Amino acid sequence: MRLRGGASVLRRADGEVQVGAEPGRAPVLSGLSEEESALLVQLGEQAHGPRGLRRARRSRVGPARTRELYAELSRHGVLADDVAPTEPDLLHWEAHGVDARERAQRLSRCAVLVRGQGPVASRLTALLAAAGLGAVRSFGQAGDVGGLPAGVEPALAVSVDDYTIHPLSARAVAQSGLGHLPVVVRPLSVRVGPVLEADRLLCATCLALHETDADPAWPLLALQYLLLPAAPVEGLLVEQAAVLAARAVLDCLGDAPWRWRQTSVELGVDEPLGLVRRWEPHPQCLCGQVLAGEEDDGTDVRTSGRLRPPSRPPRGRPHGRPRA
Ligand SMILES: [Zn+2]
């Protein structure tokens, strides 16, 4: 038997111990004798070497009571009976109460496609490769991907574009049918999210319509953004943005898929803690009507030619830009 995540057992008072050192996430066992407290403390020490194990074997707590204590630990979800992993990531996710080995296997079957150049894209690609994904591939304008290892399937597309989501990125991802995590690198900030999923409201057009609500010149500016050279980005911001984007990818792949739906985070020197924005589907975007149509008649109108971008800019919604 071992404690998940390599947790330690700490004494809180006479006859009372807690499992783990994370405030608010450490189960408390009370009403213990001194021998029982010592047994539990020693159980926590097993993770730190064989000396603790020998002491546990010498415990004066009887087998029936030991089983009771183990059952209580099990009810709290902190007990495991397999061999402890040694990788810090696995121990960390165990401590979260997650089946860390299952999570690692799940990630090993996922390929993430990254479209973009520049330091944020490079750093993000390196972080994702180190996170245990089955594959990290760059993908180009056609959205096609080179051969993937057996059993590995594309699971998410990430675009890293300068100034605005590049129309070619949006189109390439739409053709892939994958969820799309856009990362936009601007001169003073990097925006990560919101994730855009084919079967949910909110799409790249919604985001563009909101930008236009906030600044009517946005469509003209966006055209010019496509031609601008990339802005220089501070090294620390590159790291911070790449780490946040990598976390967002892992969230979207199962750790917390809801977190990035309709939500973006902007990082910069002025917002080092991250400016969170909520994005609503734009009322003038056709994605809402398309999804409603699918629900009405069960047909996929995305392939029927009815989906077109709005022909004129939206009016009359000055509050359209999402608020922090
Ligand atoms: Zn939309």
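The model shown is predicted, which means the values in this text are computed figures rather than measured ones.

Observations regarding the environment of Arg247
(1) Moving on: With respect to the secondary-structure elements, Arg247 resides in helix α10 (residues 235–255).
(2) Moving on: Here Arg247 falls in the partly exposed class, since its relative accessible area comes to 41%.
(3) Moving on: C-alpha of Arg247 to C-alpha of Leu124: the two residues are 123 residues apart in sequence and 9.8 Å apart in space.

So, the side chain of Arg2
(1) Moving on: Position of Arg2 among the secondary structure elements: in strand β1 (residues 2–3).
(2) Moving on: By relative accessible area, which is 9% here, Arg2 ends up buried.
(3) Moving on: At 2.7 Å, the side chain of Arg2 and the side chain of Glu94 are in polar contact.
(4) Moving on: Beyond its immediate chain neighbours, meaning those up to four positions away, Arg2 contacts Val78, Leu79, Ala80, Asp82, Val83, Ala84, Pro85, Glu94 and Arg101.

Some details on the pairing of strand β8 (residues 153–162)
(1) Moving on: Here strand β6 (residues 110–116) pairs with β8 via 7 bridges, running parallel. For Gly116, the partnering residue across the bridge sits in β8 and is Val160.
(2) Moving on: With 7 bridges joining them, β8 and strand β9 (residues 179–185) adopt parallel strand pairing. Residue Ala157 lies in a different strand from β9, and its bridge partner there is His180.
(3) Moving on: After leaving β8, the chain enters helix α7 (residues 167–176) and then returns to the sheet as β9, a path that is right-handed.

A short note on the coordination of the zinc ion
(1) Moving on: Taken together, Cys203 (SG), Cys206 (SG), Cys285 (SG) and Cys287 (SG) make up the protein donors of the zinc ion, found 2.2 to 2.3 Å from the metal.
(2) Moving on: One way to put it: the 4 donor atoms around the zinc ion meet at angles of 97 to 124°, and that makes the site tetrahedral.
(3) Moving on: Sequence spacing among the residues donating to the zinc ion works out to C-x2-C-x78-C-x1-C.

Overview of the packing of helix α4 (residues 88–95) against helix α5 (residues 100–108)
The relative placement of two packed helices comes down to the angle between their axes together with the axis-to-axis distance.
(1) Moving on: Their axes nearest at 8 Å, the elements α4 and α5 cross at an angle of 120°. Between α4 and α5, the interaxial angle falls into the category oblique. Listed contacts from α5 to Leu90, Trp93 and Glu94 of α4 are Ala100, Arg101, Arg103 and Ala104.
(2) Moving on: Here the residues of the contact of α4 with α5 sort into 4 nonpolar, no polar and 3 charged.

A short note on the sheet that holds β9
(1) Moving on: Taken together, 7 strands build an open sheet; the order of strands is β7-β6-β8-β9-β10-β11-β12 and the sheet is mixed. Looking at the sheet topology across the chains shown, the edges are occupied by β7 (135–138) and β12 (275–278). Along the sheet, successive strands turn relative to each other by an average axial angle of 20°, direction set aside.
(2) Moving on: Examined bridge by bridge, β6 and β7 share 4 bridges and lie parallel to one another. When the sheet's bridge partners are listed, Leu113 is paired in β7 with Arg137.
(3) Moving on: Running at roughly 5° to strand β10 (residues 189–192), α10 makes contact with β6, β8, β9, β10 and β11 (263–268) of the sheet.

Here's the deal with the sheet that holds strand β2 (residues 9–13)
(1) Moving on: One open sheet holds the 3 strands; their spatial order is β2-β3-β4, and the pairing between them is antiparallel. The strands lining the two open edges of the sheet, one partner per strand, are β2 and β4 (28–29).
(2) Moving on: With 4 bridges joining them, β2 and strand β3 (residues 16–19) adopt antiparallel strand pairing. Note on β3: the bridge partner recorded for Arg11 is Val17.
(3) Moving on: Against the sheet, helix α1 (residues 34–45) contacts β2, β3 and β4, and its axis sits at roughly 150° relative to β2.

Considering the environment of Gly62
(1) Moving on: For Gly62, the position within the fold is in the loop between α2 (50–57) and α3 (63–75).
(2) Moving on: Relative accessible area serves as the criterion here: at 33%, Gly62 is assigned to the partly exposed category.
(3) Moving on: When the C-alpha atoms of Gly62 and Glu35 are compared, they prove to be 10.0 Å apart, with 27 residues separating the residues in sequence.

Details of the packing of aromatic side chains
(1) Moving on: Following the criterion strictly, the structure yields 1 aromatic pair and no others.
(2) Moving on: Ring centres of Tyr163 and Tyr225 lie 5.5 Å apart, and the angle between their planes is 15°; this geometry places the pair in the stacked category. Of this pair, Tyr163 sits in the loop between β8 and α7 while Tyr225 sits in helix α9 (residues 218–225), and the two are 62 residues apart along the sequence.

Section: the pairing of β6
(1) Moving on: Where burial is concerned, most of β6 is hidden: 6 out of the 7 residues are buried.
(2) Moving on: Note that the unit made of β6, helix α6 (residues 119–130) and β7 has a crossover that is right-handed.

A few points about unusual backbone geometry
(1) Moving on: Here Gly193 and Pro194 are connected by a cis peptide whose omega angle stands at -5°.
(2) Moving on: If you trace the backbone, Pro194 turns up in the loop between β10 and α8 (204–214).
(3) Moving on: Even without being glycine, Tyr163 reaches a positive phi, approximately 75°.
(4) Moving on: Of note, the phi angle at Gln262 is positive, near 60°, even though the residue is not glycine.
(5) Moving on: With respect to the element layout, Gln262 can be found in the loop between α10 and β11.
(6) Moving on: Look at Gln262 and you get partly exposed, because its relative accessible area is 21%.

Each value, and the rule that gives it
- Residues numbered from 1 in each chain as written.
- Predicted model: local features only at pLDDT ≥ 70, side-chain atom pairs only at ≥ 80, totals over all residues.
- Heavy atoms only, no water.
- Helix = DSSP H or I, 4+ residues; strand = E, 2+ residues; numbered from the N terminus.
- Buried < 20%, exposed > 50% of the residue type's maximum accessible area, 1.4 Å probe, protein only.
- Polar contact = N/O pair within 3.5 Å; in protein donor to acceptor, adjacent residues only side chain to side chain.
- Contact = heavy atoms within 4.5 Å.
- Pairing = 2+ DSSP bridges.
- Right-handed = clockwise from strand over helix to strand, strands pointing away.
- Donors = N, O, S within 2.8 Å, 3.2 Å for Na, K, Ca; no water.
- Tetrahedral: all angles 85-135°; square planar, octahedral: opposite > 155°, others 65-115°.
- Axes fitted to C-alpha atoms, helices over the stretch in contact; angles between N-to-C directions.
- Parallel < 35°, antiparallel > 145°, perpendicular 65-115°, else oblique.
- Nonpolar A, V, L, I, M, F, W, Y, C, P; charged D, E, K, R; others polar.
- Phe/Tyr/Trp six-rings, centres within 6.5 Å; stacked < 30°, edge-to-face > 60°.

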